[in-house]
Amino acid sequence: MRNKLGFQTPNVPFDISTMMRTKPDYCVVMQYDSGDNMIGKILEANPNMYFCFRWYTKNTTKQSPQVIADQAGGWVQGILDTHNIPIGNFCVSDLNEPQIQAEYDDGGTYDDEAYYRHIGNWEYEAISALKSAHPDWLACGLNLSPGHSEDQADAGFIAFELPEIRKAVSVADILGAHCYWKDAGAAKGLDDAEAPWYFQRFKKYHTFFPDKPILITEANGGSILDLPTHELRLQAAVELRQAIDIVNRYPYVLGCCFFIWYSPGHPQMYSDETIQIFEGIELPKYQKYVVEITMPDPVPLDYPSAIWKGSPNYDLRTPLVQVDTIVIHSAEGTLSGMDAWFANSTS
């Protein structure tokens, strides 16, 4: 099992040894970031690092899907040839935040149905082209994001009902998502009433695509640079640790990669105190969030005429599953109707 802590490499040289003290197992790399043997240094510190190689360009969906797939594929192949990264330790993402205005240079508003249909068709062709050329590679699709301003509505939730978006996600192996919260130092939208629309929006994505693992390819981190005091920066680092605590509750979330969270130009961002918040994160610490399910032995019946009937759906559960809600359901109607309901795997 991997530590779900990850980071996105900054587009400037940075102190890898300091970053690796946090023991990350995931790393998002954009094509701007792969100089100065950065990937080699990361692999020296963690030979089992899982990379998400992200081809990041402006106006992506105005370009040919085949051209983008070829560019991304050529870049990644060069990295694999240089560093001998095994299949299974990386995925490739080729689309730059399609749901935000930053995708385009002309300043338009792109939240209408026709735009999302275009995204779906474009991404389907791009992922299909990438996987046709490299069938052993895993594709991380869409990098869903509500906007660089976190109070923007997430129009993408509407788009999930579109067949074009669903078709695009169907050919991706991993669903990429950007999950930010707001007001660094105050943790609004991290684990509160606003969280479903901010950091924990990955749970909404999961309801639409329950069979897709999710990789959070961006989350808070860079905003720490803007905080004026050490106390606020320290609190923001605590929030990042809390975010890892949260994603550890959900088996379908592969990892959470904080956005450009270390830079030598801002040594106050991670002092020894803030780095220590992350040091020693190990998955076994968080097993309290995972419930192991075992079938209990039938207990003696409390009245002679009762008949024990176990639900066949019990065995359909995964061996390890996150349980965060318990529902007490009262039964009404006929006994045969109740039996049928419990035996129905879609109910």
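For the structure itself, look to the data block above.
A. Structural detail: helix 3 (residues 65-83). Look at helix 3: 27 Å from first C-alpha to last across 19 residues, which is about the 27 Å you get at 1.5 Å a residue. Of all the positions in helix 3, only Pro65, Ile68, Ala69, Ala72, Gly73, Trp75, Val76, Ile79 and Leu80 are classed as buried. Taken around the axis of helix 3, the buried residues stretch over an arc of 165°, which confines them to a single face. Seen from the open side of helix 3, the exposed residues pointing more than 90 degrees away from its buried face are Asp81 and Thr82. At the C-terminal side of helix 3, Asn84 shows a positive phi close to 55°.

B. Expanded view of the side chain of Glu164. Mapped onto the elements of the fold, Glu164 is located in helix 6 (residues 163-171). Dropping the residues within four chain positions of it, Glu164 is found in contact with Arg117, Gly120 and Asn121.

C. Expanded view of unusual backbone geometry. At Lys23, a position not held by glycine, the phi torsion is positive, near 60°. Structurally, Lys23 can be placed in the loop between helix 1 (16-20) and strand 2 (26-30). The exposure class of Lys23 is partly exposed, given its relative accessible area of 40%. A positive phi angle, near 55°, is found at Asn84, a position not held by glycine. For Asn84, the position within the fold is in the loop between helix 3 and strand 4 (90-93).

D. Main features of the sheet that holds strand 4. Taken together, eight strands build a closed barrel; the order of strands is 1-2-3-4-5-6-7-8 and the barrel is parallel. Mean inter-strand twist for the sheet, computed between neighbouring axes without regard to direction, equals 25°. Bridge analysis of strand 2 against strand 3 (residues 50-54) gives five bridges, and the strand direction is parallel. Residue pairing in the sheet places Val29 in a bridge with Phe53 of strand 3. Across the face of the sheet, helix 2 (residues 38-45) comes into contact with strand 1 (5-8), strand 2 and strand 3 while running at roughly 165° to strand 3.

E. Examining the pairing of strand 4 more closely. Judged by which residues are buried, strand 4 turns out to be covered on both faces: Phe90 and Val92 on one side and Cys91 and Ser93 on the other are all buried. Sheet topology places strand 3 next to strand 4; four bridges connect them, and they run parallel. Bridging from a neighbouring strand, Arg54 pairs with Ser93 of strand 4. Bridge count for strand 4 against strand 5 (residues 138-144) is two bridges, and the pairing is parallel. Bridging from a neighbouring strand, Cys91 pairs with Leu138 of strand 5.

F. A look at the packing of aromatic side chains. Throughout the structure, instances matching the rule amount to eleven aromatic pairs. Arranged with centres 6.1 Å apart and planes meeting at 50°, the rings of Phe53 and Phe90 form a pair that is tilted. Of this pair, Phe53 sits in strand 3 while Phe90 sits in strand 4, placing them 37 residues apart in sequence. Relative accessible area serves as the criterion here: at 0%, Phe53 is assigned to the buried category. The exposure class of Phe90 is buried, given its relative accessible area of 2%. Taken together, a centroid distance of 5.2 Å and an interplanar angle of 90° make the contact between Trp181 and Phe199 edge-to-face. With a gap of 18 residues between them, Trp181 in the loop between strand 6 (174-179) and helix 7 (202-208) and Phe199 in the loop between strand 6 and helix 7 connect regions that are remote in the sequence. Of the two residues examined, Trp181 and Phe199, each falls in the buried class. An aromatic cluster is defined as three or more aromatic residues linked by ring pairs; in this entry it consists of Phe51, Phe53, Trp55, Trp75, Phe90 and Trp137. Across from the ring centre of Tyr26, 5.9 Å away, lies the NZ or CZ of Arg2, which sits over that ring. Its end group placed over the ring of Tyr124, Lys167 keeps NZ or CZ at 4.3 Å from the ring centre.

G. Focus on the pattern of salt bridges. According to the stated counting rule, one finds five salt bridges in the structure shown. A salt bridge links Glu164 to Arg117; the shortest N-O distance between them is 2.7 Å. Here Glu164, found in helix 6, pairs with Arg117, found in helix 4 (residues 113-133); they are 47 residues apart in sequence, far enough to count as distant. Assessed through its relative accessible area of 17%, Glu164 is described here as buried. In this structure Arg117 comes out as partly exposed when scored by relative accessible area, which is 27%.

H. Inspection of the environment of Val169 at higher detail. Among the structural elements, Val169 can be located in helix 6. Once residues lying within four places of it in the same chain are set aside, the contact partners of Val169 are Leu142, Leu175, Phe209 and Lys212.

Basis of the calculations
Residues numbered from 1 in each chain as written. Predicted model: local features only at pLDDT ≥ 70, side-chain atom pairs only at ≥ 80, totals over all residues. Heavy atoms only, no water. Helix = DSSP H or I, 4+ residues; strand = E, 2+ residues; numbered from the N terminus. Expected span 1.5 Å × (residues − 1). Buried < 20%, exposed > 50% of the residue type's maximum accessible area, 1.4 Å probe, protein only. Arc of directions from axis to C-beta. Contact = heavy atoms within 4.5 Å. Pairing = 2+ DSSP bridges. Axes fitted to C-alpha atoms, helices over the stretch in contact; angles between N-to-C directions. Phe/Tyr/Trp six-rings, centres within 6.5 Å; stacked < 30°, edge-to-face > 60°. Lys NZ or Arg CZ within 6 Å of the ring centre and 35° of its normal. Salt bridge = Lys/Arg side-chain N within 4 Å of Asp/Glu carboxyl O.

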